[in-house]
Amino acid sequence: MAITSKAGILKVLTSFNPWRKTGTVNPQMAKTYRRLAFHEAMKRLAQTDLRRTVILTGTRRVGKTTIQHQMIQAILLRKKLTKPLHGLVIIKTHYSA
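Just so you know, these numbers come straight off a predicted model, no measurement behind them.

Participant: Looking at this model, I keep getting lost on the overall build of the protein chain. Mind explaining?
Facilitator: Assigned secondary structure in the protein chain consists of four helices and two strands. Secondary structure of the protein chain in N-to-C order comes out as α-α-α-β-α-β. Scored against the burial criterion, the 97 residues of the protein chain give a buried share of 27%. Taking all contacts inside the protein chain whose residues are at least 6 apart in sequence as the whole, residues at least 24 apart take part in 72%. Split by element, the accessible area of the protein chain, about 7,500 Å² in all, is 57% carbon and sulfur.

Rendered as structure tokens:
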């Protein structure tokens, strides 16, 4: 599928990011417990003196995707309650042979 139009781009973004349409993250993906890395990453996103990008790195199966979904859920909730919190969350996995 060629992504050449705004509608095409939005279709792809929505398919990979269903919360763009629903406004919420699947509760199974954003578990209720919060790790230290979640709190540290949110603290950095909340800093207003710089526009932040948070990159989560680590080995496989340590919780990077769970933290990502928790952060997205927190950002969506904040948008509903107060002013938006802008940021980008990127996940990088380290593979070891």
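Participant: What am I meant to see in the side chain of H69 here?
Facilitator: Its location among the elements puts H69 in helix α4 (residues 64–81). The buried category is assigned to H69, whose relative accessible area is 8%.

Participant: How should I be thinking about the confidence of the model for the protein chain in this particular structure?
Facilitator: When pLDDT is low, close inspection of the predicted coordinates is not appropriate. Residues at a pLDDT of 70 or more form 79% of the protein chain, whose mean pLDDT is 78. Helix α3 (residues 36–46) holds the highest mean pLDDT among the elements of the protein chain, 88, whereas strand β2 (residues 88–94) holds the lowest, 56.

Participant: I'm lost on the nonpolar core in this one. Help?
Facilitator: Nonpolar side chains tend to gather and get buried jointly when the protein is soluble and globular. Membership of the largest hydrophobic core is limited to nine residues, which are F38, A41, M42, L45, V54, L56, I67, M71 and I75. Those elements giving two or more residues to this core turn out to be α3, β1 (53–59) and α4. The leading source of residues in this core is α3, at four residues. Once residues lying within four places of it in the same chain are set aside, the contact partners of F38 are I67, Q70, M71 and A74. By size, the runner-up hydrophobic cluster in this structure holds five residues, among which are W19, V25, A30 and I72.

Participant: Would you explain the environment of I67 in this entry?
Facilitator: Along the chain, I67 turns up in helix α4. For I67, a relative accessible area of 7% gives the class buried. For the pair I67 and H39, spaced 28 residues apart in sequence, the C-alpha separation works out to 9.4 Å. Here I67 is in contact with R35, A37, F38 and L56, once residues within four sequence places are set aside.

Quick notes on the rules
Residues numbered from 1 in each chain as written. Predicted model: local features only at pLDDT ≥ 70, side-chain atom pairs only at ≥ 80, totals over all residues. Heavy atoms only, no water. Helix = DSSP H or I, 4+ residues; strand = E, 2+ residues; numbered from the N terminus. Buried < 20%, exposed > 50% of the residue type's maximum accessible area, 1.4 Å probe, protein only. Contact = heavy atoms within 4.5 Å. Areas by Shrake-Rupley, 256 points an atom, 1.4 Å probe, with all protein chains shown as cover. pLDDT = per-residue confidence, 0-100. Core = buried A, V, L, I, M, F, W, Y, C linked by side-chain atoms within 4.5 Å.

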